[in-house]
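# Fold and geometry: a report
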Amino acid sequence: MHHTKQIRYIDPLKDLGKGLLQVEKPGRYVGGEYGRLAKREADLRLLIAFPDLYEIGMSNQAMRILYKRLNQLAGVSCDRAFAPAPDFEDLLRSQGIPLYGLDTGISLFDLDLLLFTLGYELGITGVLTMLDAGGIPLRASARTETHPLVIMGGPCVSNPLPYAPFIDAFWIGEAEGGFFSLVQALHALKKAGYGRAALLERLASHPSVWTWGKGKAKRAVDRAFSFRGAAAAIFPVPNMKVVQHHGAVEIMRGCPHGCRFCHAGYWYRPMRQKSAKAIHAEVAAWITQGGYREISLTSLSSGDYQYLYQVVEALHSAYGPAQVSFQLPSLRVSTFSLPLLEKIAAVRKSGLTFAVETPMDAWQFSINKEVSRDTVAAIIQEAKKRGWKGAKFYFMIGLPLGNQMLPEASEEVGIVDFILDLARRTGMHFTITVGTFVPKPHTPYQWVAQMDEATARTKLDYIRSRLKPKGHKVGMQDPFISVLEGLISRGDERVGDLIEEAYKRGCRLDAWNEHIRQDIWRRLFEAHPLLIQEIQHPKSPDLPVPWHGIEIGMTSSHLKKELLRSETGKTTPPCIEKCTNPCGICDKDTAIIKNTIHDDRIPHSKAPAKIQAGPTWRILFSFTKQGSAIFHPHLALVEVFAMAMTRAGIPVCYSQGFNPQPKLEIAAPLSVGISAEAEIAAIDTRFFFSAQAFTQALVPQLPEGLTLGEVVHILIPWGVKKRSLASLLWGYTYENPKGEKDFVKAGDEQKYRVRREGNFWGLRRCAVWAKGLKDPQSPESYFTVYPELYGF
């Protein structure tokens with residue numbers, strides 16, 4: 001039976017203190033975001049861990065779904081943590097502080113379940129970093145009853161063997177396909193007094209869980225995806241700009257097209273489309289509950305969503321006037337629609353992106369894709385007439401093009417000819433990104449050889465040398481990264497030994513060019529040449545692959561048939577309800593589902609009135625900045641307030657142009673790490689909105705550490721010059737930890753920093769002063785000066 005242990009909670013401001021000022025972007029590590037869900041009081045304590053930096057993990061929709069759904073379970077708390085950058089890892093180790101959850105501060109060591117979601121193979125050293133920094137043994141075999149169970153999910157676990165030495169159990173497939181029910185069962189066991197061993201036994205008994213001792217697992221599929229209704233996973237809202245700083249509504253899961261190189265296309269079958277009403281409701285939630293004004297409608301192939309144009313038209317009609325824009329990040333050329341792109345670009349202009357992969361029609365057929373050069377040229381020529389000035393192209397080298405690869409042809413020459421021909425036809429310059437193909441498990445190409453680094457580098461150099469002088473921008477994925485990705489994705493437990501050794505020698509955050517230690521990996525490759533060759537070389541379809549125990553529902557015979565069709569350049573039609581080429585995925589419980597709702601059945605929101613020329617309604621307010629909020633940099637703070645105002649329903653005015661922004665101004669930036677008692681800001685509104693209504697609406701929407709102070713409403717008559725807050729700035733009052741105050745004039749901050757020798761910990765900015773109207777050399781309150789400017 002399980003015995004209760006003392007749980008350690010970390011308060012980063014108290015336990016790490018001024019050390020936080022020595023690391024890059026300390027806001028990654030202090031929490032305090034709006035919408036946190038985890039709580040300290042719970043029977044079963046979980047944490048969802050993302051093995052990359054905060055700004056990557058907080059953009060990940062799978063993590064948001066897990067965080068939301070797990071925190072909805074009675075008696076369960078699910079915190080979150082991200083891989084530390086090397087400087088923060090060093091700080092933790094120097095202070096003897098374990099890695100902790102951002103919501104509650106719980107030490108990773110004190111959890112019941114530690115859940116990793118792995119979406120990219122090179123994130124595995126991030127997993128080891130988090131385990132080690134959390135005080136948890138790297139090897140699963142070294143853990144005892146006192147350690148949390150370590151579980152991993154995500155698309156990378158389609159081959160769990162390279163990660164198996166470090167993970168207790170793997171969830172195979174979609175979490176909505178049974179994982180949350182499994183956690184409820186684990187909660188019941190824990191509440192009844194059972195310990196780690198009993199929980200692991202219950203985990204291993206689930207058909208979608210893979211462990212060393214079990215050897216087989218069946219992929220879980222969310223069969224209710226299309227019927228669940230609105231299920232936006234919004235919280236928490238980041239306090240800093242993240243990589244994909246927008247709302248994300250998954251309109252479709254799975255893809256009907258069988259592109260033979262695409263792991264996601266096979267892993268997430270079958271295609272399931274969400275209803276238009278659910279999409280509309282989720283969009284509304286991202287805006288009103290999250291405060292987002294950019295929404296991505298995500299899927300693997302958005303153009304295949306039935307009635308997509310009608311859905312986008314309805315959303316734009318409802319939210320476009322409120323300066324909300326929409327993105328469709330994954331449109332196939334065969335489903336491309338310029339009217340659709342014009343609709344979503346009405347608020348913020350989007351780009352044209354073409355994932356061509358390989359340039360010749362015959363090669364396209366080999367990978368089961370059709371992107372005709374003439375079709376692309378026609379789209380670009382029409383787009384140019386409508387105002388587009390460029391386009392992006394994605395290609396891959398190293399694809400197994402079979403019998404279609406003629407001796408006199410080469411893919412690098414084909415790519416160059418494709419781009420130069422389009423440039424001649426359209427008069428445009430393009431941005432081209434070229435990567436090296438990595439064969440992945442559970443695809444028809446799981447058996448083929450991977451192109452070696454030297455060959456790939458030669459081809460990439462050729463493409464760059466021919467296109468850059470012609471004025472095109474060319475980006476290349478380092479072919480060494482592709483080799484490393486291929487090693488991990490198709491390796492077995494022996495690769496796990498290399499991963500551990502790489503970590504112990506210093507490898508961290510391998511997905512980042514500025515962090516990856518290629519020298520370490522190369523030395524390991526040199527020490528294990530036979531293993532590297534074995535994984536890179538072709539495999540016999542008649543022999544078992546390392547991941548043969550993972551059953552995704554698709555038959556091996558189907559993958560072999562697709563490989564043969566690739567070699568002969570034959571295409572396979574897209575999935576339909578009654579297909580003639582069954583892959584094995586669909587059965588009586590699992591099938592293709594399409595949206596059936598047209599535009600006229602989607603509810604519309606009332607659009608705000610158009611702005612007429614007239615007076616400016618401006619709200620002047622002060623705010624405090626305490627606790628975790630002292631680590632928000634200036635631009636992040638502007639975004640925090642803008643999103644809070646969107647959630648609050650405040651009728652904000654926006655700028656005009658390519659990327660409309662709220663007309664929000666903060667009088668003066670404040671250095672990270674300094675608290676403040678009365679910062680000054682102003683926001684313009686579309687119509688009169690009282691100071692009282694502003695306060696009541698905004699206060700509940702602010703994250704931890706930000707509170708409103710004084711608020712006044714000012715009317716600036718039409719034709720009267722608008723004075724910015726910065727133009728009136730006199731200076732500041734600072735107070736040090738001893739209670740001593742300093743008056744610092746605007747422009748003298750650098751001298752003040754030098755005088756304090758950069759020591760800002762415990763420093764407080766008590767006031768921000770405006771220039772007096774009668775005596776500009778005399779400081780006065782903004783709440784006196786600004787109203788007087790306009791006769792108030």
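As shown above, the structure is provided for reference.
### Some points on the packing of aromatic side chains
Under the counting rule described, the total for this entry stands at 26 aromatic pairs. On the basis of an interplanar angle of 70° and a centroid distance of 5.9 Å, the ring pair of Tyr34 and Phe235 is categorised as edge-to-face. In this pair, Tyr34 sits in the loop between α1 (12-15) and β1 (44-50) while Phe235 sits in the loop between β7 (217-218) and β8 (247-250), placing the two residues 201 residues apart along the sequence. Residue class for Phe235 comes out partly exposed when judged on its relative accessible area of 21%. Ring plane angle 55° and centroid distance 5.7 Å describe the contact between Phe621 and Phe641, whose orientation is recorded as tilted.

### Brief notes about the nonpolar core
One finds Leu70, Leu114, Leu131, Met152, Phe179 and Trp521 to be the most contacted residues of the largest nonpolar core, which totals 127 residues. Ignoring sequence-local partners within four residues, the contact set of Met152 consists of Phe116, Leu118, Ile124, Val127, Val157, Tyr163, Ile167, Ala169, Phe170 and Trp171. In this structure, Val249, Trp286, Leu308 and Trp388 belong to the second largest nonpolar core, which totals 64 residues.

### A few points about the pairing of strand β11 (residues 294-298)
Note that β8 and β11 share four bridges and pair parallel. For Gly247, the partnering residue across the bridge sits in β11 and is Ile295. Inspection of the sheet shows β11 paired to strand β12 (residues 325-327) by three bridges, in the parallel sense. Within the sheet, the bridge partner assigned to Ile295 lies in β12 and is Phe326. Each parallel crossover has a hand, and the one from β11 via helix α10 (residues 308-319) to β12 is right-handed.

### What to know about the packing of helix α16 (residues 479-489) against helix α18 (residues 518-527)
For the pair α16 and α18, interaxial distance at closest approach is 12 Å and the crossing angle is 55°. Classified by the angle their axes make, α16 and α18 are oblique. As for how α16 packs across α18, the hand of that crossing is left-handed. Across the interface between the two elements, Phe480, Ile481, Val483, Leu484 and Leu487 of α16 pack against Gln518, Trp521, Arg522 and Phe525 of α18.

### Overview of the pattern of salt bridges
Within this structure, the stated rule accounts for 44 salt bridges. For Glu562, the salt bridge goes to Arg260, with nearest N and O atoms at 2.9 Å. Remark: Arg260 occurs in the loop between β9 (252-253) and α8 (263-267) and Glu562 occurs in helix α20 (residues 556-567); sequence separation between them is 302 residues. In this structure, Glu562 and Arg260 share a single accessibility class: buried. Linked through salt bridges whose partners overlap, the residues forming this network are Glu174, Glu176, Glu250, Arg253 and Arg272.

### Observations concerning the sheet that holds strand β15 (residues 430-436)
Pairing in this open sheet of four strands is parallel, and the strands run β13-β14-β15-β16 from one edge to the other. Strand pairing shows two members of the sheet lacking a second neighbour, β13 (353-357) and β16 (473-476), which therefore form its edges. Recorded for the sheet is a direction-independent mean angle of 20° between the axes of neighbouring strands. Where β15 meets β16, four bridges bridge the pair, whose relative direction is parallel. Opposite Thr431, over in β16, you have Lys473 as the bridge partner. The strands touched by helix α15 (residues 453-467) within the sheet are β14 (391-397), β15 and β16, with β16 carrying the most contacts at an inclination of about 170°.

### Structural notes on the side chain of Ser59
Here Ser59 lies in the loop between α2 (54-57) and α3 (61-71). In this structure the side chain of Ser59 is engaged in a polar contact, spanning 3.3 Å, whose partner is the backbone nitrogen of Val243. Excluding residues within four positions of it along the chain, Ser59 makes contact with Val242, Val243 and Gln244.

### Observations regarding unusual backbone geometry
Leave glycine aside and you will find that most residues have negative phi; peptide bonds, for their part, are mostly trans. Here the amide bond leading from Phe235 into Pro236 is cis, since omega sits at -5°, within 30 degrees of zero. Structurally, Pro236 can be placed in the loop between β7 and β8. Here the residue pair Arg269 and Pro270 is connected by a cis peptide bond, since its omega of 0° sits within 30 degrees of zero. Within the secondary structure, Pro270 is located in the loop between α8 and β10 (272-273).

### Remarks on the sheet that holds β8
In space, the three strands of this open sheet follow the order β8-β11-β12, with parallel pairing throughout. Since the sheet does not close on itself, it has two edges, and those belong to β8 and β12, each with one partner. Geometrically, the sheet is characterised by an average inter-axis angle of 25° between neighbouring strands, direction not taken into account. Strand contacts of helix α9 (residues 276-290): β8, β11 and β12, with the helix running at about 165° to β8, the strand carrying the most contacts.

### Considerations on helix α5 (residues 124-133)
Among the ten residues of α5, nine are classified as buried, and the element is accordingly described as predominantly covered. Buried residues of α5: Ile124, Thr125, Gly126, Val127, Leu128, Thr129, Met130, Leu131 and Ala133, and no others. Of the residues flanking the end of α5, it is Gly135, one or two places downstream, whose phi is positive at about 80°.

What counts, and at which threshold
- Sequence order as written defines the numbering, with residues in each chain counted from 1.
- Thresholds applied to this predicted model are a pLDDT of at least 70 for local features of residues and 80 or more for the giving and counting of side-chain atom pairs; totals over whole chains, interfaces and linings are not thresholded and use all residues.
- Heavy atoms throughout the structure, all of them, feed into the side-chain values; hydrogens and water do not.
- Here a pair means two rings of Phe, Tyr or Trp (six-membered ring of Trp) with centres within 6.5 Å. Their orientation is stacked below 30 degrees between planes, edge-to-face above 60, and tilted elsewhere.
- We count a stretch as a helix when DSSP gives it H or I for four or more residues in a row; a strand needs E for two or more, and each element gets its number in order from the N terminus.
- Burial classification: accessible surface area is computed with a 1.4 Å probe over protein chains only, and a residue below 20% of its type maximum counts as buried, one above 50% as exposed, and the rest as partly exposed.
- To define a nonpolar core, start from buried Ala, Val, Leu, Ile, Met, Phe, Trp, Tyr and Cys residues and group those joined through side-chain atoms within 4.5 Å.
- In this description, contact between two residues means that some pair of their heavy atoms is separated by no more than 4.5 Å.
- DSSP calls a pair of strands paired once it identifies at least 2 bridges connecting them.
- For the handedness criterion, the strands are oriented away from the viewer, and a crossover whose path from the first strand over the helix to the second runs clockwise is classed as right-handed.
- Interaxial angles span 0 to 180 degrees and are taken between N-to-C directions of axes, which are lines fitted to C-alpha atoms, for helices over the stretch in contact.
- Here is the rule for angles: anything less than 35 degrees is roughly parallel, anything more than 145 is roughly antiparallel, 65 through 115 is roughly perpendicular, and the remaining ranges are oblique.
- Here is the rule for handedness: rotate from the far helix to the near one, and if that takes an anticlockwise turn smaller than a right angle the crossing is left-handed, while a clockwise turn gives right-handed.
- Counted as salt bridges are all cases of a side-chain nitrogen of Lys or Arg within 4 Å of a carboxyl oxygen of Asp or Glu.
- By the criterion applied in these results, polar contacts are pairs of N or O atoms within 3.5 Å in which, for protein atoms, one can donate a hydrogen and the other can accept it, and in which residues neighboring in sequence qualify only through two side-chain atoms.

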